[in-house]
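# Architecture and fold: a report
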Amino acid sequence: MTSSKRMWMVRAQRGGKLFDEFKSRSIVTIGWAAMGNMAPLRSREDFARAVERHYPDSTPGKVAMSASQAFRFVREFKAGDRVLTYNPEGRVYLVGTLQGEYEFVPGLGEIGNNARRVSWDGEVSRDLLSVGARNSLGAISTLFQVPAEAATEIEGLLSRRAASDTPSPLAPEEEVAQVDELLKDIQEKAFEFIKDRVTKLAWDEMQDLVAGLLRAMGYKTRVSPSGSDRGKDIVASPDGFGFESPRIVVEVKHRTGSSMGSHEIRSFLGGRHKDDKGLYVSTGGFSKEARYEADRANIPLALMDLDDLVKAILDHYEAMDAESQRLVPLRKIYWPT
């Protein structure tokens, strides 16, 4: 079964505060009360200008997000579209059909005056949804279009409920398997977002980040000043001066999309002492020839590309100092196991 109608999520404020109002009044509403009647606004640009005018303290990102959501509610929602809202206390989604066009309804009080009428059909328990569907409904936006797969699943559960044929929740082992797959997907996305953040650093910030990583690994570092560094950007050692072994000489190249070749590796190796250890960091990666050159180097030499760098940051992040963490601010999340 596939759903041919679009389905929209409209949140009933934080914690489902307005869920009962939405249900009893057969309505969904959004905020931005200061903008008044939005009916005269036509384009996204109109909505953006209205947000800027009525909420002058909003950041450009907040303006864009608010304008986009208000535009959707007023202009993209159509009569006949499906809509749902969520009650986190009861863990149920209320599902219905939009009736008519956008309305500005004065006097609705705290639920807001920007409204759409809804004919509610029934409720679907979140516990009956697949992990993938639950994940797609977990966006923090006030409103968004529900992915087609999740919409189809919700419609199927709603029709079965109407036929008094309520399905059983997922078996525990099946749910665990789906949660594990979802975690892998989130981890992969998070890894790519962290890489995006790292690539936006300036060259000197990248050098400081690598030095901070080495300090988190137990070394003391000496960072070369800007200018000619004679083939080294950082020296890491137990004493910080390079007198005690191991003395690690580090070169940092921050050029995404431009891999290091064998010539750069040979140039780096040419200035090393026999007791040195080498670390070459390149956010642009390394050519096959460069890796071959490193393998046959006359001193121990490790190559670190962007993936390697981010993996090392994740392994040692909590031990990194505050200055280094500020370069790539990360937030810990907890996940059920």
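Residues numbered from 1 in each chain as written. Predicted model: local features only at pLDDT ≥ 70, side-chain atom pairs only at ≥ 80, totals over all residues. Heavy atoms only, no water.

### Looking at the sheet that holds strand β6 (residues 143-145)
- Strand order in this open sheet of six strands is β2-β5-β4-β3-β1-β6, and the pairing throughout is mixed. If you trace the sheet from one side to the other, it starts and ends with β2 (27-30) and β6, each paired once. On average, adjacent strands in this sheet sit at an angle of 35° to one another, irrespective of strand direction.
- Judged from the three bridges that link them, strand β1 (residues 7-10) and β6 form a sheet pairing that is antiparallel. Its bridge partner lying in β6, Met9 is registered against Phe144.
- The strands that helix α3 (residues 60-76) touches are β1, β2, β4 (92-104), β5 (114-125) and β6; relative to β6, the one it contacts most, it runs at about 65°. (Pairing = 2+ DSSP bridges. Helix = DSSP H or I, 4+ residues; strand = E, 2+ residues; numbered from the N terminus. Axes fitted to C-alpha atoms, helices over the stretch in contact; angles between N-to-C directions. Contact = heavy atoms within 4.5 Å.)

### A few points about the packing of helix α2 (residues 44-54) against α3
- The geometry of α2 relative to α3 is characterised by a closest axis approach of 8 Å and an angle of 125° between their N-to-C directions. Taken together, the axes of α2 and α3 are oblique relative to one another. The handedness of the crossing between α2 and α3 is right-handed. Contacts between α2 and α3 involve Arg44, Phe47, Ala48, Val51 and Glu52 on the former and, on the latter, Val63, Ser66, Ala67, Ser68, Ala70, Phe71, Val74, Arg75 and Glu76. (Parallel < 35°, antiparallel > 145°, perpendicular 65-115°, else oblique. Left-handed = near helix turned anticlockwise from the far one by under 90°.)

### Some words on the pattern of salt bridges
- Scanning all chains against the criterion turns up 24 salt bridges.
- In this structure, Arg44 and Glu76 form a salt bridge, with 3.2 Å as the shortest nitrogen-oxygen distance. Of this pair, Arg44 sits in helix α2 while Glu76 sits in helix α3, placing them 32 residues apart in sequence.
- With a closest N to O distance of 3.0 Å, Asp321 and Arg215 form a salt bridge. With Asp321 in the loop between α10 (306-316) and α11 (322-327) and Arg215 in helix α7 (residues 203-216), this residue pair connects regions lying 106 residues apart in the sequence.
- With a relative accessible area of 34%, Arg215 lands in the partly exposed category. (Salt bridge = Lys/Arg side-chain N within 4 Å of Asp/Glu carboxyl O. Buried < 20%, exposed > 50% of the residue type's maximum accessible area, 1.4 Å probe, protein only.)

### Examining the layout of surface pockets
- Size it by volume and the largest pocket reaches roughly 940 Å³.
- Ala190, Ile194, Leu330, Arg331 and Ile333 are, among the 19 residues lining the largest pocket, the residues nearest its centre.
- Among the elements that make up the lining of the largest pocket, the one with the highest residue count is helix α6 (residues 172-199) (nine residues). (1 Å grid on protein atoms, 1.4 Å probe; cavity = no way out; pocket = protein on both sides within 12 Å on 5 of 7 lines; lining within 4 Å. Points joined across faces, edges and corners; volume = space filled by probe spheres on them.)

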